[in-house]
Amino acid sequence: MLSAKLAAFPRVIVELGMGDGRLLESLAKSDPRCLHIGVELDAEQCNNASSRLALDNVLVVNRSFEELIPEFANGSVERFVEVLPDPAYIDEKKSEKWKPLYALAYQKLRRGGTFQIVTELTDELLQPVGDSEFTRWKEWLTSTFSSLGFVISGVHEGAPAHYATRCLDQFRGDSERIRLVTLDLAKQ
Ligand SMILES: C[S@@+](CC[C@H](N)C(=O)[O-])C[C@H]1O[C@@H](n2cnc3c(N)ncnc32)[C@H](O)[C@@H]1O
């Protein structure tokens, strides 16, 4: 199924952890010539996404990132998008565990391809996140992803205004205690 779909489209965008698929739906509708693959471990979320996404240029995959990403040929992916990854894939203390996954995704990107991550910083005691802590965290994200080979093309507070996901819709309501950042990465 994956290889047949890949052969039918000139470009592929992969959303990691797509949840209920509402972002994938809007991305796929705005670019019908590109295949949009959403990968999600949770079967119930995948069912929600499948019922929402009856589009030819969408493939919903109920598997783990670790299983799916190796199946793409090196240099074949146009773009990865990941909105609010679980801490297991972005937390500073766990970085040695998750770095290999992003290093692999980098190999799968074509030259000029991009990887966008929207992630959040919260205080352990759920107090408002101060500017100095937020700045330090952005610098850490930048240096970590640079060390994996990515070029940093943007680091912006907040999420893209036109993005809607189940979690983003919740987090945007608490912007002092949950500070969002969008990291735009590229492969040169
Ligand atoms: C915090 S949620 C965000 C969901 C969605 N992007 C949103 O913004 O509403 C993270 C999602 O990643 C999925 N996930 C976590 N680890 C995964 C893995 N190894 N492979 C595939 N999906 C995974 C979870 O099931 C969950 O739906």
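First, a word on scope: everything that follows refers to the structure included in this document. Note that the structure is a prediction, hence the values are computed from the model and not measured. (Residues numbered from 1 in each chain as written. Predicted model: local features only at pLDDT ≥ 70, side-chain atom pairs only at ≥ 80, totals over all residues.)

1. Details of the nonpolar core
Thinking step 1. Core analysis: the biggest nonpolar cluster contains 39 residues, and V14, L24, I37, V39, V60, F80 and F115 have the highest contact counts within it.
Thinking step 2. Every residue in contact with F80, bar those within four places of it in the chain, is listed here: V14, L16, A105 and F115. (Core = buried A, V, L, I, M, F, W, Y, C linked by C-beta atoms within 7 Å. Buried ≥ 20, exposed ≤ 12 C-beta atoms within 10 Å, placed from the backbone. Contact = placed C-beta atoms within 7 Å.)

2. Some points on helix α5 (residues 95–108)
Thinking step 1. With 14 residues, α5 extends 20 Å between its outermost C-alpha atoms, agreeing within 8% with the 20 Å of an ideal straight helix rising 1.5 Å per residue.
Thinking step 2. Among the residues of α5, Y102, A105 and K108 are the ones counted as buried. For α5, the angular spread of buried residues about the axis comes to 105°, placing them on one side. For α5, the exposed residues lying more than 90 degrees away from the buried face are E96 and P100. (Helix = DSSP H or I, 4+ residues; strand = E, 2+ residues; numbered from the N terminus. Expected span 1.5 Å × (residues − 1). Arc of directions from axis to C-beta.)

3. Some points on the site of the ligand
Thinking step 1. Around the ligand, the surrounding shell holds 19 residues, and the nearest of these are G17, G19, L41, T165 and C167.
Thinking step 2. Secondary-structure elements contributing two or more residues to the shell around the ligand are α4 (65–68) and α7 (166–171).
Thinking step 3. Ranked by residues supplied to the shell around the ligand, first place goes to α7 with three residues.
Thinking step 4. Among the residues making up the shell around the ligand, the classes are represented as nine nonpolar, five polar and five charged. (Near = placed C-beta within 6 Å. Nonpolar A, V, L, I, M, F, W, Y, C, P; charged D, E, K, R; others polar.)

4. A short note on the environment of A54
Thinking step 1. Structurally, A54 can be placed in the loop between α3 (43–52) and β3 (58–61).
Thinking step 2. Along the backbone, A54 and E25 are 29 residues apart, and their C-alpha atoms lie at a distance of 9.1 Å.

5. A closer look at the sheet that holds strand β4 (residues 77–83)
Thinking step 1. Ordered in space as β3-β2-β1-β4-β5-β7-β6, the seven strands form an open sheet in which the pairing is mixed. In this open sheet, the two strands that pair with only one neighbour each are β3 and β6 (151–157). Direction aside, the axes of adjacent strands within the sheet are offset by 15° on average.
Thinking step 2. Alignment of strand β5 (residues 109–122) against strand β7 (residues 178–186), held across nine bridges, turns out to be antiparallel. Each bridged residue has a counterpart across the sheet, and for T119 the counterpart in β7 is V181.
Thinking step 3. Docked against the sheet, α5 engages β4 and β5, running at close to 150° with respect to β5. (Pairing = 2+ DSSP bridges. Axes fitted to C-alpha atoms, helices over the stretch in contact; angles between N-to-C directions.)

So yeah, pure geometry; function would need other evidence.
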